[in-house]
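A structural walkthrough
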Amino acid sequence: MIFRSSLFSASVLALSSAPAFAEVPNVVADMAPIHSLVVQVMGDLGTPDTLMPQGTSPHGYALRPSEARALQAADIVFWAGPRVEPWLDEMIDSVAQDTRSVPLSLVEGTVLLEVRDGATFERHDHDDHDDHADEGHDDHDDHDDHDDDHADDHAEEMHDDHGADDHDDHDDHDDHGDEHGDDTIDGHTWLDPMNAHLWLGVIADELSALDPDNAATYAANAASAQAALEAKIAEIETQLAPLSDLNFIVFHDAYQYFETRFDLDASGAISLSDASAPSPARIREVQELIADQNVTCVFSEPQFNAGLVDTVLDGTAAKTVVIDPLGVSLAMGAGFYTDLMDELAGAFLACEAN
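Describing the packing of helix 9 (residues 215-240) against helix 13 (residues 336-352)
Interaxial distance between helix 9 and helix 13 falls to 11 Å at its minimum, and their mutual angle equals 5 degrees. Viewed along their axes, helix 9 and helix 13 adopt a mutual orientation that is roughly parallel. Taken together, the residues of helix 13 that come into contact with helix 9 (itself represented by L229, K232, E235, I236, Q239 and L240) are Y337, T338, M341, D342, A345, F348 and L349. For the contact of helix 9 with helix 13, the residue count by class is eight nonpolar, two polar and three charged.

Right, dumping it as structure tokens:
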């Protein structure tokens, strides 16, 4: 509890031997994967709130009144970004003009991939895809150096002031989102664990700017989380290395960040990247792809209509495996993000297994 009256605080401290704690920001995260990263950086200093119920699709969500109030009361909100959550961008501008907004996918250094076009990604150049990934993922050591450089740049760029006036750069965020274009950039950026690696440092920077007394703790927590994530990435790389030739289709095109990181490559998607319903023509195209290219596995998702997958699979020998980009069955908290990476890896392993 934070006591804002100095007289009352003094009285309480006089009656208690408990140490005084620095005031930590009131923090909100949009969804479970981002919440997990923030929890790791905050550690024992505090716990962020989440805006969306666990497992809820971020595409087109409408905040409940209690969630809107939590957003309005927050000092800072960490969220994936306007490419996947344009509605949240609008809500922040509408009800939380004094809340510091940090759309993580707009952070410099975040790897961005273009949306793959068509049911079978026929206009998607896989060589360009790999080159684009390499631009942001040269190797883990280089990325560590980039994080150090980024910390200074980020602090200078985003932390001149942290009062109500600081929220004016919402307009800059909107321009940035428009520049990249919701229709051209895949918004599922949290599914590349090296993006999460970068964001851990960004979260520490942002919290330190609001709460400088605890800056060393935020930095240490972020560094520890980054080291653990590097180990997890190496582990999953080893697990998935034999699956580079896996022939699979996803329910909606949400996984290319994970695919690119771990040398996987979907043959197509039943639904669009924004999870909108596919047309009958698109379904027929996917069915033809399964037959022509001997697709062995089709991923379904708990957030969406499983009947569509059954329709696509009708008359084929392909099997279905459930995959979830939001980790609906996982426990919230610090371990959620690495658990999500493990769950995604497990889905691909199950897809390969006979």
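Now, onward.
Structural notes on the environment of W199
Checked against the element boundaries, W199 lands in helix 8 (residues 193-210). Residue classification places W199 among the buried positions, given a relative accessible area of 0%. Through-space distance from the C-alpha of W199 to that of Q226 is 9.5 Å; in sequence the pair is 27 residues apart. Reaching out from W199, the side chain makes a polar contact with the backbone oxygen of L104 at a distance of 3.1 Å.

Concerning helix 2 (residues 32-42)
Along an α-helix, a turn takes 3.6 residues, which lines up residues three or four apart on a common side. Burial analysis of helix 2 places 11 of its 11 residues in the buried class, which makes it a mostly covered element. Among all positions in helix 2, only A32, P33, I34, H35, S36, L37, V38, V39, Q40, V41 and M42 are buried. Elements that come into contact with the buried residues of helix 2 comprise strand 1 (27-29), strand 2 (49-50), strand 3 (76-79), helix 8, helix 9 and helix 13. After helix 2 finishes, the residue G43 shows a positive phi value of roughly 60 degrees.

Description of empty space enclosed by the protein
Counted under the stated rule, the structure contains two cavities of 30 Å³ or more. In this structure, the largest cavity spans a volume of roughly 50 Å³. In terms of residue class, the lining of the largest cavity is built from five nonpolar, five polar and one charged. Considering only enclosed or pocket space, the second largest cavity measures out at about 30 Å³ in volume. Around the second largest cavity, the lining residues are M31, A32, P33, M52, P53, G55, T56 and L326. Taken together, the residues that form the lining of the second largest cavity break down as six nonpolar, two polar and no charged.

Describing unusual backbone geometry
Note: most peptide bonds trans; most residues except glycine with negative phi. A positive phi is found at D263, a non-glycine position, where the angle reads about 60 degrees. With respect to the helices and strands, the residue D263 is situated in the loop between helix 10 (256-261) and strand 6 (268-271). Of note in this structure, N294 is not a glycine but carries a positive phi near 55 degrees. With respect to the helices and strands, N294 occurs in the loop between helix 11 (280-293) and strand 7 (297-300). On the accessibility criterion, N294 (55% relative accessible area) is exposed.

Topic: helix 11
The terminal C-alpha atoms of helix 11 lie 20 Å apart, and with 14 residues this matches the ideal 20 Å at 1.5 Å per residue to within 8%. Buried residues of helix 11: R282, I283, V286, L289 and I290, and no others. End-on view of helix 11: buried residues confined to an arc of 115 degrees, all on one side of the axis. Among the exposed residues of helix 11, those oriented more than 90 degrees off its buried face are P280, A291 and D292. Where helix 11 is buried, its residues contact strand 5 (248-252), strand 6, strand 7 and helix 12 (306-313). N294, located one to two residues past helix 11, shows a positive phi value of around 55 degrees.

With respect to the sheet that holds strand 6
The pairing of strands in a sheet comes from backbone hydrogen bonds and takes either a parallel or an antiparallel form. The strand order across the open sheet formed by four strands is 6-5-7-8, and the pairing between neighbours is parallel. The sheet terminates laterally at strand 6 and strand 8 (319-322), the two strands that pair on one side only. This sheet shows a mean twist of 30 degrees between the axes of neighbouring strands, independent of strand direction. Pairing of strand 5 with strand 6 involves three bridges; the strand directions are parallel. Bridged to V250 within strand 6 is A269. Sitting on the sheet, helix 12 touches strand 5, strand 6, strand 7 and strand 8, and the angle it makes with strand 7 is about 165 degrees. Contacts from helix 13 reach strand 5, strand 7 and strand 8, with the element oriented near 165 degrees to strand 8.

So, how was this worked out
- Residues numbered from 1 in each chain as written.
- Predicted model: local features only at pLDDT ≥ 70, side-chain atom pairs only at ≥ 80, totals over all residues.
- Heavy atoms only, no water.
- Axes fitted to C-alpha atoms, helices over the stretch in contact; angles between N-to-C directions.
- Helix = DSSP H or I, 4+ residues; strand = E, 2+ residues; numbered from the N terminus.
- Parallel < 35°, antiparallel > 145°, perpendicular 65-115°, else oblique.
- Contact = heavy atoms within 4.5 Å.
- Nonpolar A, V, L, I, M, F, W, Y, C, P; charged D, E, K, R; others polar.
- Buried < 20%, exposed > 50% of the residue type's maximum accessible area, 1.4 Å probe, protein only.
- Polar contact = N/O pair within 3.5 Å; in protein donor to acceptor, adjacent residues only side chain to side chain.
- 1 Å grid on protein atoms, 1.4 Å probe; cavity = no way out; pocket = protein on both sides within 12 Å on 5 of 7 lines; lining within 4 Å.
- Points joined across faces, edges and corners; volume = space filled by probe spheres on them.
- Expected span 1.5 Å × (residues − 1).
- Arc of directions from axis to C-beta.
- Pairing = 2+ DSSP bridges.

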